[in-house]
Amino acid sequence: MKIMICGADGKLGQRLARDLGPRNDVRAFCYADLDIERLDPVYQTAREIKPDAIINAAAFTAVDRCEDEIDAAYRANAVGVRNLAVAADSVGARLVHFSTDFVFDGERSGPPYREYDTPNPLSVYGKSKLTGEREALQNCGRGMVLRLAWVYGPGGWNFTDWVVDQARQGKEMRVVTDQIGTPTWTGDVVRQVARLLDEDGRGLYHATGGGECSRYEWACEALRLAGLPTERVIPVTSEALVQKAPRPRYSVLDNFFLRGQDLDVMRDWREALSEHLNEAGALT
Ligand SMILES: NC(=O)c1ccc[n+]([C@@H]2O[C@H](COP(=O)([O-])OP(=O)(O)OC[C@H]3O[C@@H](n4cnc5c(N)ncnc54)[C@H](OP(=O)(O)O)[C@@H]3O)[C@@H](O)[C@H]2O)c1
């Protein structure tokens, strides 16, 4: 399959290029090679390559900065997505796009959100990503959107590696106990994308790791697996940790459509965490 990847310098973009490369003809574009906000180059590249699928891993993901840089957030997370959707549609390609658990307000404590639950984003980031979902699905006949959550993996700042690094340096870290979600490893997301491309997936999917935890539990589990002490992880509430953008307190997603179509390859978050640390040489 000929696959065009945008945002190939991000965490997920790097993993997509690496893991899909061996079995496919992958053309990966970093931000400097292709800015998804620029319609002409996007069209031109799609026409030249004529990909079977365009995968968009590009996004403005700095959640707190989005609160101040509203136009920039919508340009990357919505206008750029429309550009890719119309370009994909014009060459008959599929579009794979990623969204977030932050489209929900998290004001309940369960059950996990399903694809048919009504979004209500609290932050500019969440609102811009929700707009992007609609752009992807409305403008490309063969579009799919995977809502992810708490994404980590090598190739950029991520919570798991930050916690392990802090602990190794003997530093304290304040981590919230009242945000509940599911860590999702980039390696598993790529396996899920490959399965959906093989099976011609369409529409909106929740695609996160299985189970749920607080960020505090995530940090402690990573340190336990890495054989490091957990005492320096200081439990705090969201109120104590001043963050510009509001976060949903409960944003566990249920991969209901993936399961319903027998396409779910996502694993329990602890199992994936262990594989990530093993790959990074940090597992004891
Ligand atoms: N990280 C998470 O916890 C999380 C959770 C849920 C969903 N997601 C979604 O998962 C996807 C991948 O996220 P990630 O964690 O891999 O993010 P990431 O590491 O921040 O990668 C995104 C990449 O896109 C680039 N980019 C920004 N604007 C661009 C543009 N106009 N054209 C081309 N590239 C552009 C960024 O460059 P700069 O860094 O230079 O801006 C960055 O290299 C995104 O759709 C994100 O919204 C992430």
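Counting restarts for each chain: residues are numbered from 1 in the order of the written sequence. Note on the predicted model: pLDDT of at least 70 is required for a residue's local features to be given, and 80 or more for side-chain atom pairs to be given and counted; whole-chain, interface and lining totals, by contrast, use all residues. As a rule here, side-chain values come from all non-hydrogen atoms in the structure, and water together with hydrogens is ignored.

Draft legend 1. Region of interest: the sheet that holds strand 1 (residues 2–6). On the basis of which strands lie adjacent, the open sheet formed by 6 strands has the order 2-1-3-4-5-10 and parallel pairing. Single-partner strands in this sheet number two, and they are strand 2 (25–29) and strand 10 (203–206). Between one strand and the next, the sheet's axes are offset by a mean angle of 20 degrees, whatever the strand orientation. The rule for pairing is simple: two strands pair if DSSP sees at least two bridges between them. Runs of H or I in DSSP of at least four residues are treated as helices and runs of E of at least two as strands, each being numbered from the N terminus. Sheet topology places strand 3 (residues 53–56) next to strand 4 (residues 94–100); 4 bridges connect them, and they run parallel. In the strand pairing of strand 4, Ile 54 is matched with Leu 95. Residue contacts are defined here by distance: any two heavy atoms, one from each residue, within 4.5 Å place the two residues in contact. Under this scheme, a helix contributes an axis fitted over its contacting stretch, all axes are lines through C-alpha atoms, and angles between N-to-C directions fall in the 0 to 180 degree range. Across the face of the sheet, helix 1 (residues 11–20) comes into contact with strand 1, strand 2, strand 3, strand 4 and strand 5 (143–148) while running at roughly 160 degrees to strand 1.

Draft legend 2. Looking closely at helix 10 (residues 269–279). Each residue is placed in one exposure class: buried if its accessible area under a 1.4 Å probe, protein chains only, is under 20% of its type's maximum, exposed if it is over 50%, and partly exposed if it falls in between. Those residues of helix 10 not exposed but buried are Trp 269, Ala 272, Leu 273, His 276 and Leu 277. Along helix 10, the residues classed as buried sweep out an arc of 135 degrees about the axis, all on the same side. Its side-chain oxygen 3.0 Å from the backbone nitrogen of Arg 270, Asp 268 forms the N-cap of helix 10. Among the residues trailing helix 10, Gly 281 stands out with phi positive, at a value near 75 degrees. As used here, the arc is the angular range of directions from the helix axis to the C-beta atoms. Within 3.5 Å is the distance limit for a polar contact, defined as a pair of N or O atoms, with the added protein rule that one can donate a hydrogen and the other accept it, and that residues adjacent in sequence qualify only through two side-chain atoms.

Draft legend 3. Spotlight on helix 1. Inspection of helix 1 places Leu 12, Gly 13, Arg 15, Leu 16 and Leu 20 among the buried residues, and these make up the whole buried set. All buried residues of helix 1 fall inside an arc of 165 degrees around its axis, so they share one side.

Draft legend 4. Looking closely at the site of the ligand. Consider each residue's heavy atoms; a residue with any of them within 4 Å of a molecule or strand counts as near. Around the ligand sit 22 residues in total, of which Asp 35, Glu 37, Thr 61, Tyr 125 and Lys 129 are the nearest. In the model, an oxygen atom of the ligand is placed 3.4 Å from a nitrogen or oxygen of the Asp 9 side chain. Breaking the shell around the ligand down by element, the ones donating at least two residues are helix 1, strand 4 and helix 5 (124–139). It is strand 4 that contributes the most residues to the shell around the ligand, 3 residues altogether. Partitioning the shell around the ligand into residue classes produces 13 nonpolar, 4 polar and 5 charged. For this scheme, ten residues count as nonpolar: Ala, Val, Leu, Ile, Met, Phe, Trp, Tyr, Cys and Pro. Four count as charged, namely Asp, Glu, Lys and Arg, and the remainder, Gly too, count as polar.

Draft legend 5. Spotlight on the packing of aromatic side chains. Between rings of Phe, Tyr and Trp, where Trp is taken as its six-membered ring, a pair exists when centres lie within 6.5 Å; planes separated by under 30 degrees are stacked, by over 60 edge-to-face, and by other angles tilted. Applying the stated criterion across every chain, the model contains 10 aromatic pairs. Ring plane angle 85 degrees and centroid distance 6.0 Å describe the contact between Phe 102 and Tyr 125, whose orientation is recorded as edge-to-face. Residue Phe 102 is located in the loop between strand 4 and helix 5, and its partner Tyr 125 is located in helix 5; the two are separated by 23 residues in the primary sequence. With respect to class, Phe 102 is no different from Tyr 125; both count as buried. Plain terms: the ring middles of Phe 256 and Phe 257 are 6.0 Å apart, the flat faces sit at 75 degrees to each other, and that makes the pair edge-to-face. Residue Phe 256 is classed as partly exposed on the basis of its relative accessible area of 29%.

Draft legend 6. Focus on the pattern of salt bridges. Here, a salt bridge means any Lys or Arg side-chain nitrogen found within 4 Å of an Asp or Glu carboxyl oxygen. Counted by the stated rule, this structure contains 26 salt bridges. Measuring nitrogen to oxygen at the nearest pair gives 3.0 Å for the salt bridge that ties Glu 69 to Arg 65. Owing to a relative accessible area of 30%, Glu 69 belongs among the partly exposed residues under this scheme. The partner of Arg 147 in a salt bridge is Glu 133, with the nearest N and O atoms 2.6 Å apart. One end of the pair, Arg 147, is in strand 5; the other, Glu 133, is in helix 5, and 14 residues separate them in sequence. Residue classification places Arg 147 among the buried residues on the basis of a relative accessible area of 2%. Connected through shared salt-bridge partners, Asp 188, Arg 191, Arg 267, Glu 271 and Glu 275 make up one network.

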